[in-house]
Every structure is written in structure tokens, then in C-alpha cells.
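Geometric and topological summary
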Amino acid sequence: ELKRLDLDGGAVLSLAPVSGSRGGTWSKGGVILYTPSYLAGLMRVPASGGTPVPVTTLDATRESTHRWPQMLPDGNHFIYLAAQHEDPIGTSAIWYASLAGGAPRKLFGSPSSAVFAAGRLLFVRDSTLMAHCRSALISMFWLSMGYSRL
């Protein structure tokens, strides 16, 4: 079960059922984005409690899981790993999406999750830590994050 605990005291708040979750992230706007199970798309729920709603939908032709979401600094956009369990190395990719809706956009293929830190998108490829700084492939991502110089 997805639960929230205020560190300065108070009761534990149950937010949503989960089974084999594969990560979660909390936006500065008070939205928790999480994976309810290893065979599911991403869901969102208010940190104060409420009804969970889908944020991403699996495309069964190419994926069987969405996992390891990370909110981006703007509090509205996020990245996540999508993969097909039958061929995780050949199908895994980092995707970019918005809590406001719209179609997610594939950034690049990657068998590992990615994190955004210090203005870079970090991920592992062939046992090497990679850092995307400026690339035509992800220029849309950087522009949405407020970076004007690509």
C-alpha cells in the first residue's frame, strides 16, 4: 500500500493500493506519481489523499511496464522507463510526459532508468554512466525545462 507519513508527526495516511510497485515520485505541487504494479502504467494521487487516476497507458505492442518515474523541477513534467518484459534490452526507453496530459514522447532507448540532476539527464549504457547535456534528440525536453541555450 502507498502511504504517506508527515515527518513532524501525525498519523500515517494510506493513499492507494500497490502490488510490486516500481517506483514513485512526489511533485512540488503535491502530486504523487507512482507505479501500482510491475505490469502497469503510471498513476497519480494527491499527497493529501484522494482517488488515484491513470497518467500513462501501456501500449501493448511495445511495452508491458512503466516504471521509475521522476518528477522534473518544473513540477509538471516527468520522465520514466518503459519496457517490454519479453525483450527488455531491445525495447526499453526513457519517455517524457506531463501531468497535464498529452502524448508522452520517447527521448531515447535505454535499458536503465534515468534521473535528472544538475541540469543533466543521467543514465547507464553498457556499464557506463552517461550524461545528456545538449542533444537534438532531447532539445524539446530542455526547452520545456526552461533552458534557452541548446
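Thresholds applied
Residues numbered from 1 in each chain as written. Predicted model: local features only at pLDDT ≥ 70, side-chain atom pairs only at ≥ 80, totals over all residues. Heavy atoms only, no water. Pairing = 2+ DSSP bridges. Helix = DSSP H or I, 4+ residues; strand = E, 2+ residues; numbered from the N terminus. Axes fitted to C-alpha atoms, helices over the stretch in contact; angles between N-to-C directions. Buried < 20%, exposed > 50% of the residue type's maximum accessible area, 1.4 Å probe, protein only. Contact = heavy atoms within 4.5 Å. pLDDT = per-residue confidence, 0-100.

Side note on the sheet that holds strand β12 (residues 120-125)
Sheet architecture is open: three strands sit in the order β11-β12-β13, paired in antiparallel fashion. Every interior strand has two partners, whereas the edge strands, β11 (114-117) and β13 (128-132), have only one. Each strand of the sheet is rotated relative to its neighbour by a mean of 30°, with strand direction disregarded.

Re the pairing of β13
For β12 and β13, the ladder comprises five bridges, and the chain directions are antiparallel. Among the inter-strand pairings, L122 is bridged to a residue of β13, identified as A131. Linking β12 to β13, which pair antiparallel, is a turn of two residues; within it D126 sits at a positive phi near 50°.

Considerations on the sheet that holds strand β3 (residues 24-26)
Strand order in this open sheet of four strands is β3-β4-β5-β6, and the pairing throughout is antiparallel. A strand with exactly one partner marks an edge of an open sheet, and here the two such strands are β3 and β6 (53-54). Sheet analysis places strand β5 (residues 43-46) next to β6, joined by two bridges and oriented antiparallel. Each bridged residue has a counterpart across the sheet, and for R44 the counterpart in β6 is V53.

Remarks on the environment of L2
Checked against the element boundaries, L2 lands in strand β1 (residues 2-4). Its relative accessible area of 19% is what places L2 among the buried residues. Sequence separation between L2 and P36 is 34 residues; the distance between their C-alpha atoms is 8.5 Å. Those residues in contact with L2 that lie beyond four places of it in its chain are L13, S14, L15, A16, V18, I32, Y34 and V45.

A short note on the confidence of the model for the protein
The predicted coordinates ought not to be read in detail in places where the model reports low pLDDT. Across the protein, the average pLDDT comes to 82, with 87% of residues at 70 or higher. When pLDDT is averaged over each helix and strand of the protein, the minimum, 56, is found for helix α2 (residues 139-144) and the maximum, 94, for β6.

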